[in-house]
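Okay, here's what each chain looks like letter by letter:
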Protein chains: 2
Amino acid sequence: MRQAVLEFWFDFASTYSYPAAIRVRALADSAGVEVKFRPFLLGPIFKAEGWNTSPFNLYPAKGRNMWRDLERICADMSLPFRRPDPFPQNSLLAARVALAGLDEAWGMDFCVEVFRAEFGRGSPIDAAATIAGILSGLNIAAEPVLAAAQSDNNKARLRAQTEEAQRRGLFGAPTFVTADGELFWGNDRLERALLWAAQRRGA
Amino acid sequence: MRQAVLEFWFDFASTYSYPAAIRVRALADSAGVEVKFRPFLLGPIFKAEGWNTSPFNLYPAKGRNMWRDLERICADMSLPFRRPDPFPQNSLLAARVALAGLDEAWGMDFCVEVFRAEFGRGSPIDAAATIAGILSGLNIAAEPVLAAAQSDNNKARLRAQTEEAQRRGLFGAPTFVTADGELFWGNDRLERALLWAAQRRGA
């Protein structure tokens, strides 16, 4: 029987991607599903909808609800929560480093630590010092990683990843995609996505 | 100990209000919470956001995802599903009848049957014949109810109910509101809302 796979698409600026990133690995393990972290940028996708910032900023009632909802979710998970300022954070640097890191063993840990820094401690994730600090905490030498992340090749890979997200119909984050192309949008759809993936393993 | 109460705010045109309406009474019973059905109109609220139709029509990627997601939810609940045409349906008549009916014993059953007709069988809920058929199925004489629903007094009550929704920060449906004013938006937040209501009973 083949190992079932679930792709976890996220933008580091995305609020609901925080609890999703914290939850996804343990839940996938329990479901016998392999999870693939796929960072991308929502900016170009929002721009195509005519939005120049997060819809949570454009529609204040929706934004107010999201912050309160996220606060409740984090409290239920005993997860620290701080609202990033400004919101959304610029996630470009973190996404580039993550993409480089996901070829290595530390990639997923790095992603989770970025979310913890951003939404748990309120750290600015566009600051090289924040990213370097996270890498150091994982016993990774920051300088060569930051250099590799900013290489033309890696920048192009992130653009291609974002284009793939757009082509596959992603419009928000987190989004979970199964091997047979089923899309599940939202932290609250994670369990259903894992069940879908597990039921179709080897199909 | 006082009975905990949860308000269930919905628009008959709202897609996710369908599974919510089907689920809410049994779940509220199990949680020991009394549920109050509160129909309102999303139209004026969307208009205030600058939208002249459902955001699911305005943002096609989001709309595609919603239909697929709803299809999965209904399949998981063994609930028939048909996409209403046109979408959204005009929910004014159904909301007026519901508001009148919710003073009577048959109000909640009527609401559930409207959702079943609209999203389960694809019936036009703006047609008096559809509404009359639902009332007959509940052994209610349709004519006096339709007349009462269209009275100036009842029309004004629905406007007031919609204004209350707007004033309390509702921006979508379904929305669940607890006695202490906590808002939970979405069918997928129903369980959490009931827990919130139950934990604060008599508070």
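Above this note sits the structure.
Now for a look at the structure at hand. (Residues numbered from 1 in each chain as written. Chains lettered and ligands numbered in written order. Predicted model: local features only at pLDDT ≥ 70, side-chain atom pairs only at ≥ 80, totals over all residues. Heavy atoms only, no water.)

1. Regarding the packing of aromatic side chains
A complete count under the given rule lists 36 aromatic pairs over all chains for this structure. Centroid distance A:Trp9 to A:Phe40: 5.7 Å. Interplanar angle 75 degrees. Geometry classified as edge-to-face. Linking A:Trp9 in strand β1 (residues 4–10) with A:Phe40 in the loop between β2 (33–39) and α2 (43–48), this pair joins segments that are 31 residues apart in sequence. This pair shows no difference in class: A:Trp9 is buried, exactly as A:Phe40 is. Seen in terms of ring centroids, B:Phe10 and B:Phe37 are 5.7 Å apart; in terms of plane orientation they differ by 80 degrees. Their pairing is edge-to-face. Residue B:Phe10 is located in strand β1 (residues 4–10), and its partner B:Phe37 is located in strand β2 (residues 33–39); the two are separated by 27 residues in the primary sequence. What links up through ring pairs into an aromatic cluster is the set A:Phe8, A:Phe10, A:Phe12, A:Tyr18, A:Phe37, A:Phe115, A:Phe119 and A:Phe176. A cation over an aromatic ring shows up here: B:Arg72 above the ring of A:Phe184, its NZ or CZ 3.8 Å from the ring centre. (Phe/Tyr/Trp six-rings, centres within 6.5 Å; stacked < 30°, edge-to-face > 60°. Helix = DSSP H or I, 4+ residues; strand = E, 2+ residues; numbered from the N terminus. Buried < 20%, exposed > 50% of the residue type's maximum accessible area, 1.4 Å probe, protein only. Lys NZ or Arg CZ within 6 Å of the ring centre and 35° of its normal.)

2. Concerning unusual backbone geometry
Residues and elements named next belong to chain A. Pro-174 follows Ala-173 through a cis peptide bond whose omega is 0 degrees. Mapping Pro-174 onto the fold places it in the loop between α9 (152–167) and β3 (175–178). At Asn-139, a position not held by glycine, the phi torsion is positive, near 65 degrees. According to the relative accessible area criterion, Asn-139 is exposed, its value standing at 73%.

3. Concerning the relation of the copies chain A and chain B
Aligned on chain B, chain A shows an RMSD of 0.0 Å; the corresponding rotation is 180 degrees and the shift along the axis is 0.0 Å. One copy is carried onto the other by what is essentially a two-fold rotation axis. Looking at the rotation axis and the C-alpha trace of chain A, the residue lying nearest is A:Asp188, at 3.7 Å. Residue by residue, 100% of the interface of chain A is reproduced at the interface of chain B, so both copies engage with the same surface. (Least-squares fit on C-alpha atoms with pLDDT ≥ 70 in both. Contact = heavy atoms within 4.5 Å.)

4. Topic: the state of the cysteines
Residues and elements named next belong to chain A. Overall, the coordinates contain zero disulfides over all chains when judged by the stated rule. The cysteine Cys-74 is free of any disulfide, with Cys-111 supplying the nearest cysteine sulfur at 18 Å. The class of Cys-74 is buried, set by a relative accessible area of 0%. (Disulfide = S-S within 2.5 Å.)

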